[in-house]
Amino acid sequence: MTESLTTENVTVTFDGLTALSKVDLSVPKRSVTGLIGPNGAGKTTLVNVLTGFQAPTAGRVTMDGADLGAKPAHKIRHLGIARTFQSGRLFSDLSVVDNLEVTGVGLGLSRRKASAKAVEMLDWMGISSLAERTAGGLPYTDERRVAIGRALMLEPKYLLLDEPAAGMSAEEADDLSRLIARIVSEIGCGVLLIEHNIGMVLKTCDDIHVLDSGKIIEVGPPAVIKASEKVRHAYMGTQVETEGEVL
Amino acid sequence: MVARKSVLARTISTPIILTLILLAVAGLSLWVNNGIFTRTIVEVFIRVMVVVGLYTFIGNSGVVSFGHIGFMCMGAYATAWFTIPPAMKKYSLRGLPEIISHNQLSFSLSITLATLFAGIFAYLFGKILVRLSGITGSIATFAMLAMINTVYSNWETVTGATSSIVGIPRKTDLWTGFAGAELAVIVAYLYAISRSGLALRSARDEAIAAAASGVDIARERLKAFVVSGMILGAAGALYAHFLGVLTPDAFYLGLTFISLSMLVVGGMNSLSGAVVGVVVLSAIIELLRTLEKGIAIGNQTWALPHGTQEIAIGGVMIVILIFRPSGLTRNQELSWSGWPFSERSSRQKSSIKDGVSEGASA
Ligand SMILES: Nc1ncnc2c1ncn2[C@@H]1O[C@H](COP(=O)(O)OP(=O)(O)O)[C@@H](O)[C@H]1O
Ligand SMILES: [Mg+2]
């Protein structure tokens with residue numbers, strides 16, 4: 001059995017509006033899966049379904065073969081599925097290290113152990129210097145990194161990143177790419193990467209799903225996605241930049 | 001990689017400073033050495049228990065409760081049931097079960113049982129209420145207060161309904177009051193630095209991210225609800241032994257309003273705010289009460305009109321809400337490393353902002 005986080009036939013409708021339509025997507029462990037698509041395509045909704053924040057109208061989610069059922073979000077995190085948010089959502093009144101400690105405590109560690117793990121994780125990510133800063137006042141890029149650190153506490157099996165590079169410079173996005181590679185190789189996570197920076201997605205991902213108006217319109221390795229007519233069509237008018245070329 | 005000091009080591013100065021404040025208040029009473037003033041101070045200590053109890057739920061969860069005075073009512077009546085002499089309660093509270101009406105418990109055992117009694121009801125109400133957030137949750141707690149008040153105002157044979165029940169041994173003196181307030185501060189502090197306290201404050205900031213971090217928000221809220229309900233229950237029991245007489249309306253809107261005002265004025269999200277709010281507002285109330293009674297100037301007596309006190313408290317609260325919405329303490333904790341009334345918050349915003357100071361490494 002392959003280890004993966006999978007949606008089968010997932011449909012989500014918000015009174016009348018179909019946000020996701022029969023989506024099949026698989027995030028295997030120890031690899032990076034990309035999810036791209038125009039704004040409003042349903043990418044965040046899919047992450048919400050995978051993490052228990054949104055019950056699917058139809059279809060199901062399985063992890064390593066087991067049905068996740070209708071578990072609430074905090075239980076899903078206990079099973080080892082972690083996420084970040086498009087809008088950051090740090091605990092702005094807490095220090096950076098306490099932001100990470102919350103996950104440790106949420107997963108059942110004592111404060112002492114959670115605190116030690118948080119310090120370790122900040123060190124692993126190379127952001128120990130931020131430890132005692134209040135999360136609310138952080139610059140954008142640091143905020144993103146802290147959010148990833150918070151999600152990575154206690155080494156989840158799957159990590160879902162919702163537009164983590166938004167607003168980053170090219171260099172910062174490169175750093176993030178390298179971090180994601182380390183997350184896969186050193187922690188062994190299966191990563192789902194949602195990103196508008198197509199260049200980064202093509203470079204970082206092993207497999208890419210393209211979502212448009214709630215439907216998966218293409219799946220494949222970067223080379224296939226790059227060449228796809230359908231993808232080109234879906235992005236018409238939005239003119240997403242790759243490095244040098246327009247996809 | 002630098003090892004971090006334990007949370008206790010980082011924050012212990014807060015309960016120590018608060019203890020010193022409480023000791024100073026007790027000392028003031030000894031110094032003035034006047035029976036009426038001492039009673040005022042005992043009332044201040046009971047208020048500290050009430051407001052610190054409110055902080056434990058409201059401050060950590062961010063959900064304003066209008067209902068907790070109901071638990072104070074429960075604690076007060078419970079200790080009355082246990083300690084009024086059997087000869088009296090056999091007639092005045094005919095509905096009590098025999099095991100209660102035929103026996104009289106000691107002060108300390110009765111207070112303990114009254115606290116547990118309030119805790120059990122806090123658990124039962126909390127089970128339902130903690131699923132609600134924001135204004136919905138607040139309104140529901142208000143409904144709870146109204147329900148409790150209605151039961152205590154009408155259950156003639158058990159609570160004496162609206163007529164007062166008498167004969168409660170008057171045991172709460174200066175040092176019992178002090179001990180109660182001190183214990184409340186210690187319990188609230190320990191809760192705030194506990195795993196549950198941290199998890200609940202994270203949910204107060206960002207409920208969605210807290211759930212995504214594995215925090216079961218309803219469960220943590222319930223813990224805080226029970227702890228704070230028990231502190232209120234204990235406060236009610238001490239208050240009963242302070243007054244000697246009880247009526248249900250002593251535990252209704254008036255007390256709810258004044259206690260919440262104290263919490264808001266001090267700073268809702270900090271334990272220090274709860275204590276400071278009580279001390280400052282009590283001082284203002286006491287001053288105005290004296291002025292309402294009148295002071296003699298030469299052979300004329302000059303007095304403020306009655307009601308000035310209530311109006312002034314409302315005024316103070318509005319002024320604070322406008323100019324300092326995070327309260328006198330700015331929602332920070334008192335600690336050795338700084339003084340929140342001066343430059344601390346602007347200088348080092350990072351360290352102590354939440355609940356009990358979390359990162360006071362300075
Ligand atoms: N809670 C919700 N209620 C109603 N409509 C929603 C909700 N969440 C998302 N939608 C709608 O679903 C569609 C997909 O949104 P989203 O998943 O956020 O897209 P993306 O992340 O790809 O930009 C959008 O049309 C959005 O307006
Ligand atoms: Mg989105």
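In this report, we go over the structure that sits alongside the text. All of these numbers come straight from a predicted model, not from anything done at the bench.

1. What to know about the overall build of chain A
Then, in step 1: Helix and strand content of chain A: nine helices and ten strands.
Then, in step 2: Viewed in the frame of its principal axes, chain A has a C-alpha envelope of about 55 × 40 × 35 Å.
Then, in step 3: The 247 residues of chain A split such that 57% are buried.
Then, in step 4: Taking contacts inside chain A between residues at least 6 apart in sequence as the whole, the part at least 24 apart equals 68%.
Then, in step 5: Accessible area for chain A stands at about 10,000 Å²; split by element, carbon and sulfur atoms hold 50% of it.

2. What about the coordination of the magnesium ion (ligand 2)?
Residues and elements named next belong to chain A.
Then, in step 1: Bound to the magnesium ion (ligand 2) are the protein donor atoms Thr 44 (OG1) and Gln 86 (OE1), situated 2.0 to 2.3 Å from the metal. With Thr 44 in helix H1 (residues 43–50) and Gln 86 in the loop between strand E6 (81–83) and helix H3 (96–106), this residue pair connects regions lying 42 residues apart in the sequence.
Then, in step 2: By relative accessible area, Gln 86 is classed as partly exposed at 35%.

3. A word on the sheet that holds strand E4 (residues 58–63) of chain A
Residue and element names in this part refer to chain A.
Then, in step 1: Taken together, four strands build an open sheet; the order of strands is E2-E1-E4-E5 and the sheet is antiparallel. Both edges of this open sheet fall to strand E2 (17–28) and strand E5 (66–67), since each of them pairs with a single strand only.
Then, in step 2: Note: strand E1 (residues 4–14) against E4, five bridges, orientation antiparallel. Within the sheet, the bridge partner assigned to Thr 6 lies in E4 and is Thr 62.
Then, in step 3: In the packing of H1 onto the sheet, contacts are made with E1, E2 and E4, and the angle to E1 comes to roughly 120 degrees.

4. Brief notes about the pattern of salt bridges
Then, in step 1: Counted according to the given criterion, the structure contains 18 salt bridges over all chains.
Then, in step 2: Arg 4 of chain B is the salt-bridge partner of Glu 101 of chain A, the closest N and O atoms lying 2.9 Å from each other. Of this pair, Glu 101 of chain A sits in helix H3 while Arg 4 of chain B sits in the segment before helix H1 (7–11), which puts the two residues in different chains. For the pair Glu 101 of chain A and Arg 4 of chain B, a shared accessibility class is recorded, and that class is buried.
Then, in step 3: Bridged by salt links that share partners, the residues Asp 98, Glu 101, Arg 111 and Glu 132 of chain A together with Arg 4 of chain B form one connected network.

Procedures and definitions
- Residues numbered from 1 in each chain as written.
- Chains lettered and ligands numbered in written order.
- Predicted model: local features only at pLDDT ≥ 70, side-chain atom pairs only at ≥ 80, totals over all residues.
- Heavy atoms only, no water.
- Helix = DSSP H or I, 4+ residues; strand = E, 2+ residues; numbered from the N terminus.
- Buried < 20%, exposed > 50% of the residue type's maximum accessible area, 1.4 Å probe, protein only.
- Contact = heavy atoms within 4.5 Å.
- Areas by Shrake-Rupley, 256 points an atom, 1.4 Å probe, with all protein chains shown as cover.
- Donors = N, O, S within 2.8 Å, 3.2 Å for Na, K, Ca; no water.
- Pairing = 2+ DSSP bridges.
- Axes fitted to C-alpha atoms, helices over the stretch in contact; angles between N-to-C directions.
- Salt bridge = Lys/Arg side-chain N within 4 Å of Asp/Glu carboxyl O.

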